[in-house]
Amino acid sequence: MTVEPWFIVAMVLSLSGYAIYLAGLRRHLLEPSRASWLIWTVATGVEAATYVAVNPGEPQGIVFIVSALACIVVTLAMWRRSRWTRPSSTETICMAASLAAIILWLPLQETFWAHMLVVAAVPLGFWPTWASVWEDRARERSPAWGLWTLGDMAALLVTMRSPGSGVGEYAYVVVELLCHASVWFMVGLATLNPIRSFGRREGKLRVLDAYLPANPFAVGETHIGKAVFAAQGFAQAETIVRFSGPIVPAARLPQGLSGASDRYLQIGRDRYMGPSGRIDDLINHSCSPNAGLRFTDDGVFLVALRPIAPGEEIAWDYSTTLADPDWSMQCACGSPECRGVIRAFALLPVEVQDRYRAMGIVAPYLDERDMGRRVA
């Protein structure tokens, strides 16, 4: 069998995209939709199996098989850093479509219609990612989307040059191409420049995109583990990062979480924000913080309490959001003001409570002047 040059191009671009995407995950530069990747993993697996069954020996089948395996790797990489949340209605519909495709294919042997059902499910699988990027395009700012788009174009050329290609073969490739291209346009075509995407100022490609600054953070190690350092200076009161993650009712918090393993942020009397898988998960506590959380109608933002120099660790006081008097964590921040134990805001010394209130970094549900004084 003669291998088409465009087939090799498609394979290289697709694999390069997955490798770069995984690198972005490891550096906490991305916040992918877990629901989307779970759906894509199922869909690409069914697509690969049904395509090979209908078109044995065709090179496109290898592309689909490799893509399915790569989706599994990315999904597992995300699973290690985050927790599953209840799927939305759209996500449930897409998962049901993927399950229906498996039923059509395995017990009923309706391979063609299983294939077409997966094609129809692909845009639904992209819906959580589109919604996430619409809210904040930095969550998916990776050159992988451009590489996958170009890889789809190469795969389409392979399909066009293959005799006997039918509507099923064209449908999946075209839908994937349009979906990948849509995300690439949303995050900015300039992300194809890998120097730009990985936070270097030297890359100056501008296409439908504003010039963005370098990655402002660096992840390093301290005596207590991973930590976030400023890669650029922050002025006093400047926004550092927005905290994000799935909203979880207090009744649904995982059992047994405590200390450093607890990455849930209390944002209301009975509401918590789960781990995002991004840089905000790694920002440590300090009893003498240089940053603090501000709660606004637009979200929860970490702001600088004083000028922060490049190379300085970014840290905030966890107690400014804690209401549970039974929660505690040993503190090893090492600051001269270290309290030894991180506990609820109401258990802080009164003068510390007043100072944090004056800075505007106390969670709204804790900002009751007499509550702290009564407990203290």
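### Points about the environment of Cys 71
The topology assignment puts Cys 71 in helix α3 (residues 60-79). Sequence separation of Cys 71 and Leu 38 is 33 residues, and the distance between their C-alpha atoms is 8.2 Å.

### Overview of the sheet that holds strand β8 (residues 291-296)
Here we have 3 strands laid out as an open sheet, ordered β3-β9-β8, and antiparallel in their pairing. Edge positions in the open sheet fall to β3 (239-243) and β8, since each of these has one partner strand only. On average, each strand axis in the sheet is inclined to that of its neighbour by 30°, with strand direction left out of account.

### Observations concerning the pairing of strand β9 (residues 299-304)
Side-chain direction in a regular strand flips from residue to residue, so the side chains alternate between the two faces of the sheet. Among the 6 residues in β9, 6 count as buried, and that is most of the element. Neither face of β9 is left uncovered, since the one carrying Gly 299, Phe 301 and Val 303 and the one carrying Val 300, Leu 302 and Ala 304 both have all their residues buried. Looking at chain direction, β8 and β9 are connected through 6 bridges and run antiparallel. Residue Ala 291 lies in a different strand from β9, and its bridge partner there is Ala 304. Between the antiparallel neighbours β8 and β9 lie 2 residues.

### A few points about the environment of Arg 269
Topologically, Arg 269 is positioned in the loop between β5 (265-268) and β6 (271-273). You can call Arg 269 partly exposed: its relative accessible area is 48%. When the C-alpha positions of Arg 269 and Tyr 365 are compared, they lie 6.5 Å apart, and in sequence the two are 96 residues distant. Here Tyr 365 takes part through its backbone oxygen, which lies 2.8 Å from a polar atom of the side chain of Arg 269.

### Some words on the nonpolar core
Core analysis: the largest hydrophobic core is formed by 33 residues, its most contacted members being Tyr 18, Tyr 21, Trp 37, Val 74, Phe 126, Trp 145 and Trp 148. Among the elements of the structure, α1 (5-26), α2 (34-54), α3, α5 (111-135), α6 (144-161) and α7 (167-187) are those that each provide at least two residues to this core. In terms of residues, this core owes the most to one element, α7, which gives 9 residues. Here Tyr 18 is in contact with Trp 37, Ser 67, Ala 70, Cys 71, Val 74 and Trp 148, once residues within four sequence places are set aside. Counting 29 residues, the second-largest nonpolar core is a separate cluster that includes Phe 234, Phe 243, Ile 279 and Met 329.

Rules behind the numbers
Residues numbered from 1 in each chain as written. Predicted model: local features only at pLDDT ≥ 70, side-chain atom pairs only at ≥ 80, totals over all residues. Heavy atoms only, no water. Helix = DSSP H or I, 4+ residues; strand = E, 2+ residues; numbered from the N terminus. Pairing = 2+ DSSP bridges. Axes fitted to C-alpha atoms, helices over the stretch in contact; angles between N-to-C directions. Buried < 20%, exposed > 50% of the residue type's maximum accessible area, 1.4 Å probe, protein only. Polar contact = N/O pair within 3.5 Å; in protein donor to acceptor, adjacent residues only side chain to side chain. Core = buried A, V, L, I, M, F, W, Y, C linked by side-chain atoms within 4.5 Å. Contact = heavy atoms within 4.5 Å.

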